[in-house]
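Below, each chain spelled out in residue letters.
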Amino acid sequence: MAFTIRPAGPGDEPAFVAIQRDLYAYAVVHEEAFRHHWATEPARAHPLRLVAEEDGRVAGVGRAGLSISSSLPGASQLGLLVRPDYRGRGLGGELFDRLMAHLGGVGGTRIEGWGDGDEATVRFLETRGFTQRHELRYSHLNLEGPLPAAPAAGEQVQAVSFAETTPEEVFAVDSEAVLDEPGDTPSDAMDFAEWRSTIWDAPDTDKAASVLVYADGQPAAYTLVETDLDRRMWSGGTGTRRAFRGRGLAKYAKSVALRRAAERGITDAFTTNDEENGPMLAINEWLGYRPCGTQFSYLRA
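Residues numbered from 1 in each chain as written. Predicted model: local features only at pLDDT ≥ 70, side-chain atom pairs only at ≥ 80, totals over all residues. Heavy atoms only, no water.

**With respect to helix H8 (residues 278-287)**
Within the span of H8, buried status applies to Met 280, Leu 281, Ile 283, Asn 284 and Leu 287. Axial view of H8: buried residues confined to an arc of 160°, hence all on one face. Its buried side turned inward, H8 meets strand S6 (131-142), strand S10 (232-240), helix H7 (249-263) and strand S11 (268-274). One or two steps after H8, the chain reaches Gly 288, where phi turns positive at roughly 110°. (Buried < 20%, exposed > 50% of the residue type's maximum accessible area, 1.4 Å probe, protein only. Helix = DSSP H or I, 4+ residues; strand = E, 2+ residues; numbered from the N terminus. Arc of directions from axis to C-beta. Contact = heavy atoms within 4.5 Å.)

**Let's talk about the sheet that holds strand S7 (residues 157-161)**
Paired through backbone hydrogen bonds, the strands of a sheet run either parallel or antiparallel to each other. Read across the open sheet, the 12 strands follow the order S1-S2-S3-S4-S5-S12-S6-S11-S10-S9-S8-S7; overall the sheet is mixed. Each edge of the open sheet carries a strand with a single partner, namely strand S1 (4-7) and S7. Taken pair by pair, the neighbouring strands of this sheet meet at an average axis angle of 20°, ignoring direction. Direction of pairing for strand S8 (residues 211-215) relative to strand S9 (residues 218-227): antiparallel, over a ladder of five bridges. Among the inter-strand pairings, Leu 212 is bridged to a residue of S9, identified as Tyr 222. (Pairing = 2+ DSSP bridges. Axes fitted to C-alpha atoms, helices over the stretch in contact; angles between N-to-C directions.)

**A look at the pattern of salt bridges**
With the rule as written, the count across this model stands at 23 salt bridges. For Arg 133, the salt bridge is made with Asp 184, and the minimal N-O distance between the two is 2.7 Å. With Arg 133 in strand S6 and Asp 184 in the loop between helix H5 (167-177) and helix H6 (192-200), the pair connects residues that are 51 residues apart, well separated along the chain. What makes Arg 133 partly exposed here is its relative accessible area of 46%. Owing to a relative accessible area of 9%, Asp 184 belongs among the buried residues under this scheme. Where Arg 137 meets Glu 275, a salt bridge forms, and the shortest distance between an N and an O atom there is 2.9 Å. Highlighted residues: Arg 137 in strand S6 and Glu 275 in the loop between S11 and H8, separated in sequence by 138 residues. Assessed through its relative accessible area of 16%, Arg 137 is described here as buried. (Salt bridge = Lys/Arg side-chain N within 4 Å of Asp/Glu carboxyl O.)

**Brief notes about the packing of H5 against H6**
Contact geometry of H5 with H6 gives a least axis separation of 11 Å together with a crossing angle of 100°. Taken together, the axes of H5 and H6 are roughly perpendicular relative to one another. Listed contacts from H6 to Pro 167, Glu 168, Val 170, Phe 171 and Asp 174 of H5 are Phe 192, Trp 195, Arg 196 and Trp 200. The class makeup of the residues in the contact of H5 with H6 is six nonpolar, no polar and three charged. (Parallel < 35°, antiparallel > 145°, perpendicular 65-115°, else oblique. Nonpolar A, V, L, I, M, F, W, Y, C, P; charged D, E, K, R; others polar.)

**Let's talk about the packing of H7 against H8**
Relative to each other, H7 and H8 sit at 40°, their axes nearing to 10 Å. On the basis of the axis angle, H7 is oblique to H8. By crossing handedness, the relation of H7 to H8 is classed as right-handed. For the pair H7 and H8, contact is made by Ala 250, Lys 251, Lys 254, Ser 255 and Leu 258 and by Met 280, Ile 283, Asn 284, Trp 286 and Leu 287, respectively. Tallied by class, residues from the contact of H7 with H8 come to six nonpolar, two polar and two charged. (Left-handed = near helix turned anticlockwise from the far one by under 90°.)

**Notes on the pairing of S10**
The buried fraction of S10 amounts to eight of the nine residues, a majority that puts the element mostly inside the structure. The pairing of S9 with S10 spans seven bridges and is classified as antiparallel. Looking at S10, one finds that Tyr 222 is bridged to Gly 239. Across three bridges, S10 lies against S11 in parallel orientation. Bridge pairing in S11 places Arg 232 opposite Asp 268.

Take a look at the structure:
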């Protein structure tokens, strides 16, 4: 094999951005966000990032580390991408083996990843002990078109931007809302300081478009808007605290956030949802999102 595989470092952010954008039209990423994430990811995640090159061209990338927001022992994540014209030559297998060896050394025993559902991907992962689990729907919304009328909020409901509130109040909603998201690895051990540095302070978190909804004077629901440099946004999370569910607050939060993003010149909105998350899928369909891609989660436990 003529490939060179090395740890990724400063200056490799463009390679990770380029390969994601080339393979997935819905990838809302940019270099500064990668740079920030790499600099602020907690050391206890034990991340390893790899770059594979041939003749000076990046052929593939990979990343593995512990899932520090989960209380499950050994919870970890592994992901790799190989450009189509380099596949079938053993590169994916080599990246996989190196990432798995790293996880074995840091205690990663329950490994989750995401990938396509095509025959080659399924065969690659199943022969390495992974089982296909959850179907993920990627959806797109053209923000240059009309949005449905915002739902009624109620007298005791107020929507404010992240810029008008505090990270503590947003975290209170986010850390509770994610507990009920479908998936195999619960985010039930989120640390506020780490969340603040990796999410709140991230350069792709648009605090003017992101929305926190108060109900009865309490932080109750939110929508996190992440933007790139090409007038596109990604929904980094939408949810409601348990005591406030059933009042349409998540629908209201996302409706307001999309309007604010459009006012700021964002033209395209992307999101993903587990196919088991019926309430959120219904909200997105009502807003006008349409499917644009499918992936699956894979688990090796």
